[in-house]
Amino acid sequence: MQFIPNAPIKEEMLKEIGLESIDDLFSDIPKKIMTQHLALPPGISQQATEERMKEIGKTNQPFCALPSFLGGGTKPHYIPAVVKSILQRSEFYTAYTPYQPEASQGFLQAVFEYQSMIAELTGMDISNASLYDGATALGEAALMCSRVNRRKTFVIPKNISWEKKCVLTNYVKGAGIRIQEAPYHNDTGAIDVDTLRTTMSEDCAGVYLENPNYFGVFEEDVEEIQQIIHEKKSLFVVGVDPLSLGIVKSPGEYEADMVIGEGNSLGLPMDFGGSTLGMFACRNEFVRQIPGRLIGMTKDKDGKRAFCMTMQTREQHIRREKATSNICTNEGLCMLAATVYLSWLGGNGLRELSALNYERGQRLEQHISSIKGFEKVFSSPHFNEFVIRCADVRTLQEKLLQQGIQGGLLLDQWYHDLSNCMLFGVTEMHRDSDIKRLLSILQEGL
Amino acid sequence: MYHSAVYDEPLLSELSGNKREHYVKLSSLPPSLQRKTRVDIPDLDETQIVRHFFHLSQMNFGIDSGIYPLGSCTMKYNPKICEEISRWEQFASLHPYQHESTVQGALHVMYELEHILCEITGVDSFTLQPAAGAQGEFTGLLLTRAYHEYQKETGRTEVILPDTSHGTNPASAAMAGYTVVEIPSTKEGTVDLNMLEKALSEKTACFMLTNPNTLGIFEADILEIARLVHKAGALLYYDGANMNAIMGKARPGDMGFDIVHLNLHKTFSTPHGGGGPGAGPVGVKKFLERFLPVPRIVKQNDVYMFEYACPDSIGKIKAGYGNFSAILKAYVYILLMGGNGLQETSEVAVLNANYMKRKLVDSKHYTMPYCDHRKHEFVLSCEQLLNKKGIRALDVAKRLLDYGFHPPTVYFPLIVKEALMIEPTESESKKMLDIYIETLLKIAEEDPALVKNAPHQTPVKRIDEVGAVKTPIFTWDMLEKVKESGQA
């Protein structure tokens, strides 16, 4: 077998340690449950495997074959060759968690750079080394709020994705935290600040605000929201799209306590929603409560700069059931991609890309909403996603698909008050010709 | 001796490029929303960036660098072909919400992998959603809770686990809201049936077990364990971290386990990525299927579809459908290996471990507490070395680095003093195993001062981890502040 070097010398090795057969190695397994073989096809060659996978791959339509205008968080972004090239360095991708720091300085330093850049982007003091994704990061943030202030209610706005809400609900169930929902304005798409003020209880551990929110809309009343939350001595958690932070205020500028987000937009492929990166940053005073790995700079015994995992007494491998989280394996390689990506962009490049995404979002929304029968749903400024209402979205969706375009995300399946609404997303990846094609199909009507 | 590349690689923030003043103005974004300060990430040239990360990569040890027998982590070779296929645009460039008709290939891979994992583990249904082993555990415990609530048994508040369990087990149980009850192992290093029986009650939600356990010992009483657990009305949970020991030999489902998680990044060879992304699929017996996360993947008339209408489902535990690239790599790996190859994988993984165990235990430098029969890993103790020469497990580990080998897991499981937990996997040749054995024996005879001051050959020497806690520096900014205060 190709990946089992000792397969041809099993007998020899057995003999050398005084055993007769492979069965001797498994003699402690009760006969009743011994299996003889697995009912799976035999292995095939690497060449045959590639051919098989090509056949399977043919039944997928990737972005290049099917331009997609889906919003909902994940969107295509250009991935520089530098990122792909560094990610293929197998010293990085075949390593595990850096339990032996002396042999893992490279990865550890990269995490340190990541933590630095995420802190800088979000305006927070510190960042961890990643969580699974944006949704679980929200779950961890809610748990952390409750650990910090011992309160048992967590407020989320209604303008977040149903997936995120569902994940959050599962994360806080065990801790007995109650989820309370704050409504949004039907006209602006932004959170209803007055209702938030009147409904927040003394038991409120934290309030989550997404900016831009699920509908792509920027929250404009962040200062007021911040005051309301802090007056109640509650904690302010903000969810971000890191790409937007090149142009919009960082949550640190409006006094957030914790910042979470999905980092897939930072140099990662969409991977069918798979290559995710949970960002988690906060103010330094909460460091002992932070979930996940944290990398610190220190010195070796000769006084040379060195890096290591630190504050590990928060973690499951030391603290077991008293740990701040159960997370062990995180999203290391995705974090590395984000690190290389951000350094490739630099501060200026990030601002440019951020502005480009903003402007493309504005322009496409204006184009679509100027077509008869299509109207924009929310008036607040938005980033690279926006909501459009039109008649019979399902038929339109099918028509687009027949002509080789994947339209926006249908929202009515999760938001009953948003019937006939589509959530569009556009980035630097969409070619002008594809946008033209989309607009001309929309203009034709049904 | 090992010679790592050594660079005094500056931080990105300490590099400087030729500044390009090119600041985009934004007219249409309301000023109240605009960022006031520039994002302080240096603007560097591509050459600088590539060299920076290239240098860092050369100061990092992976499986491709050398043997990596980190116990309980199954650091096996990651086939290059799996990497390559996972990057094909046909798979990597799919949006999670694309119309189902345009992602049939991706759904095919996921559907088939679910069924293959069912065959390997002997359960009836799988979800691929959990992002890692610990999240698989958490999912399993949410399923446990959903099941007991469905049965109107709300008084089941405890999760029992043995003292050899992985740290994630109790942490996941606590996160799911359960009280953890830890039971001590027998003198043989296995589950103490009497202690288990005493701990079990109408309050027990489930018993979590790794089999073979973290000492590498197969829990031969597993059928009796399952009987006791089920008699108490509780569920039996399988931590699949050690599945690499028993593929095609025994199946958790046949042993009586109700819920199983696997680590695709261990058993099925998807790379660990410096700590992720992993994948921790969860499988269940038929009676628990209704509670699995949504969406389920169904096949009707040769067409794959997502099914969300599952009223008893626990909902979602992660956005999307799981770490798809890991799922894809594991599927490719299984195609390559086939049923026969997976069986041989476990046979040789166990053979390699037993070969090393025999040679090392016979040498008398290291001892092995508990019974002799081991599977794919074994745990040695350096207690004798400590008593005779003052050499600790940590010292041995650090000295191994000098020889260019990754050390075993140290100080785990907690019930073995000065533990070295060795899992060679099936990927290593006999020659490599022999060299590793020789090196471990050589270290035991080396000058204690040399060993206690190791490593000597790595980019940095032994690290002041206490200092890292005392003067916390997590970012470029914090470094600047510490420098200003004169502490650095």
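Owing to the predicted nature of the structure, the values given are computational and were not obtained by experimental measurement.

Moving on, we get to the overall build of chain A. Assigned secondary structure in chain A consists of 14 helices and 13 strands. Projected onto its principal axes, the C-alpha positions of chain A cover 80 × 55 × 50 Å. Taking all contacts inside chain A whose residues are at least 6 apart in sequence as the whole, residues at least 24 apart take part in 71%.

A tally of helices and strands in chain B yields 16 helices and 12 strands. When the backbone C-alpha atoms are referred to their principal axes, chain B occupies close to 70 × 70 × 45 Å. When burial is assessed residue by residue, chain B has 58% of its 488 residues classed as buried. Expressed as a percentage of contacts within chain B between residues at least 6 apart in sequence, the contacts between residues at least 24 apart total 72%.

In helix packing, the relevant descriptors are the interaxial angle and the interaxial distance, both defined with respect to the helix axes. Residue and element names in this part refer to chain A. Following both chains from N to C, one finds helix 7 (residues 134-149) and helix 8 (residues 162-173) inclined at 40°, their axes separated by 8 Å at the closest point. Between helix 7 and helix 8, the interaxial angle falls into the category oblique. At the point where helix 7 passes helix 8, the crossing takes the right-handed sense. Packed against helix 7, whose contacting residues are G134, A135, T136, L138, G139, E140, A142 and L143, the element helix 8 presents E163, K164, V167, L168, Y171 and V172 at the interface. Each residue belonging to the contact of helix 7 with helix 8 can be placed in one class, and the counts come to 8 nonpolar, 3 polar and 3 charged.

A separate point is the sheet that holds strand 3 (residues 179-183) of chain B. Residue and element names in this part refer to chain B. In spatial order, the strands read 1-7-6-5-4-2-3; together these 7 strands make up an open sheet with mixed pairing. Every interior strand has two partners, whereas the edge strands, strand 1 (125-127) and strand 3, have only one. When the angles between neighbouring strand axes are averaged without regard to direction, this sheet yields 25°. Pairing geometry for strand 1 and strand 7 (residues 282-284), over 3 bridges, is antiparallel.

As far as domains go, chain B holds domain 1 (12-58), domain 2 (81-337) and domain 3 (347-452). Between the C-alpha centres of domain 1 of chain B and domain 2 of chain B there is a distance of 42 Å.

So, on to the interface of chain A and chain B. With 160 residues of chain A in contact, the opposing surface of chain B contributes 167 residues. Per-element tally for the side of chain A that touches chain B: the top contributor is helix 12 (residues 332-369) of chain A, with 18 residues. Classifying every residue of the side of chain A that touches chain B gives 78 nonpolar, 52 polar and 30 charged.

Moving on, we get to helix 5 (residues 133-150) of chain B. Residue and element names in this part refer to chain B. The end-to-end C-alpha distance of helix 5 is 25 Å, a good match for the 26 Å that 18 residues give at a rise of 1.5 Å each. Counting buried positions along helix 5 gives 16 out of 18 residues, so the element sits mostly inside the fold. Immediately downstream of helix 5, the backbone of K152 shows phi near 60°, a positive value.

Let us now look at the pairing of strand 7 (residues 278-282) of chain A. Residues and elements named next belong to chain A. The buried fraction of strand 7 is high, at 5 of 5 residues. A two-sided burial pattern is seen for strand 7, the buried positions comprising G278, F280 and C282 on one face and M279 and A281 on the other. As defined by bridge partners, strand 1 (residues 126-127) adjoins strand 7 across 2 bridges and the pair is classed as antiparallel. Looking at strand 7, one finds that I126 is bridged to C282. Relative to strand 7, strand 6 (residues 258-262) is paired through 5 bridges, and the arrangement is antiparallel. If you follow V259 over to strand 7, its bridge partner there is A281.

Before going further, it helps to examine the nonpolar core. V237 and A337 of chain A together with I327 of chain B are the most contacted members of the largest nonpolar core, which has 287 residues in total. Here the element with the most residues in this core is helix 10 (residues 324-362) of chain B; it accounts for 21 residues. Apart from residues lying up to four places away in sequence, I327 of chain B is in contact with V109, M110, L113, L128, L264, A279 and G322 of chain B.

Residues and elements named next belong to chain A. Strand order in this open sheet of 4 strands is 10-11-13-12, and the pairing throughout is antiparallel. The two strands at the open ends of the sheet, each matched to only one other strand, are strand 10 (375-376) and strand 12 (409-410). Bridge analysis of strand 11 (residues 385-389) against strand 13 (residues 421-425) gives 5 bridges, and the strand direction is antiparallel. Opposite R389, over in strand 13, you have C421 as the bridge partner.

The subject of this paragraph is the domain arrangement of chain A. Split by domain assignment, chain A resolves into domain 1 (7-51), domain 2 (81-341) and domain 3 (348-444). Distance between the C-alpha centres of domain 1 of chain A and domain 2 of chain A: 44 Å.

In this fold, S381 of chain B is placed in strand 10 (residues 378-381). The residues contacting S381 of chain B, other than those within four sequence positions of it, are Y366, T367, M368, P369, V416, K417, E418 and A419 of chain B.

Attention now goes to helix 4 (residues 104-121) of chain B. Residue and element names in this part refer to chain B. With 18 residues, helix 4 extends 26 Å between its outermost C-alpha atoms, agreeing within 8% with the 26 Å of an ideal straight helix rising 1.5 Å per residue. Within the span of helix 4, buried status applies to G105, A106, L107, H108, V109, M110, L113, I116, L117, I120 and T121. Following helix 4 by one or two positions, G122 adopts a phi angle in the positive range, close to 75°.

Moving on to the pairing of strand 5 (residues 235-240) of chain B. Residues and elements named next belong to chain B. Burial analysis of strand 5 places 6 of its 6 residues in the buried class, which makes it a mostly covered element. Where burial is concerned, the two faces of strand 5 agree: the one with L235, Y237 and D239 and the one with L236, Y238 and G240 are both buried. Here 5 bridges tie strand 4 (residues 204-210) to strand 5, and the two strands are oriented parallel to one another. Paired with C206 across the two strands is L235, which belongs to strand 5. Where strand 5 lies against strand 6 (residues 259-262), 4 bridges are found, and the strand directions are parallel. Note on strand 6: the bridge partner recorded for Y238 is V260.

Further remarks concern unusual backbone geometry. All names here are of chain B. Residue V294 is joined to P295 through a cis peptide bond whose omega torsion reads -5°. Mapping P295 onto the fold places it in the loop between strand 7 and strand 8 (296-300). The omega angle of the peptide bond from A454 to P455 is 0°, so this bond is cis rather than trans. Along the chain, P455 turns up in the loop between helix 14 (448-452) and helix 15 (465-470).

Definitions and cut-offs
Residues numbered from 1 in each chain as written. Chains lettered and ligands numbered in written order. Predicted model: local features only at pLDDT ≥ 70, side-chain atom pairs only at ≥ 80, totals over all residues. Helix = DSSP H or I, 4+ residues; strand = E, 2+ residues; numbered from the N terminus. Contact = placed C-beta atoms within 7 Å. Buried ≥ 20, exposed ≤ 12 C-beta atoms within 10 Å, placed from the backbone. Axes fitted to C-alpha atoms, helices over the stretch in contact; angles between N-to-C directions. Parallel < 35°, antiparallel > 145°, perpendicular 65-115°, else oblique. Left-handed = near helix turned anticlockwise from the far one by under 90°. Nonpolar A, V, L, I, M, F, W, Y, C, P; charged D, E, K, R; others polar. Pairing = 2+ DSSP bridges. Domains from an automatic or database assignment. Expected span 1.5 Å × (residues − 1). Core = buried A, V, L, I, M, F, W, Y, C linked by C-beta atoms within 7 Å.

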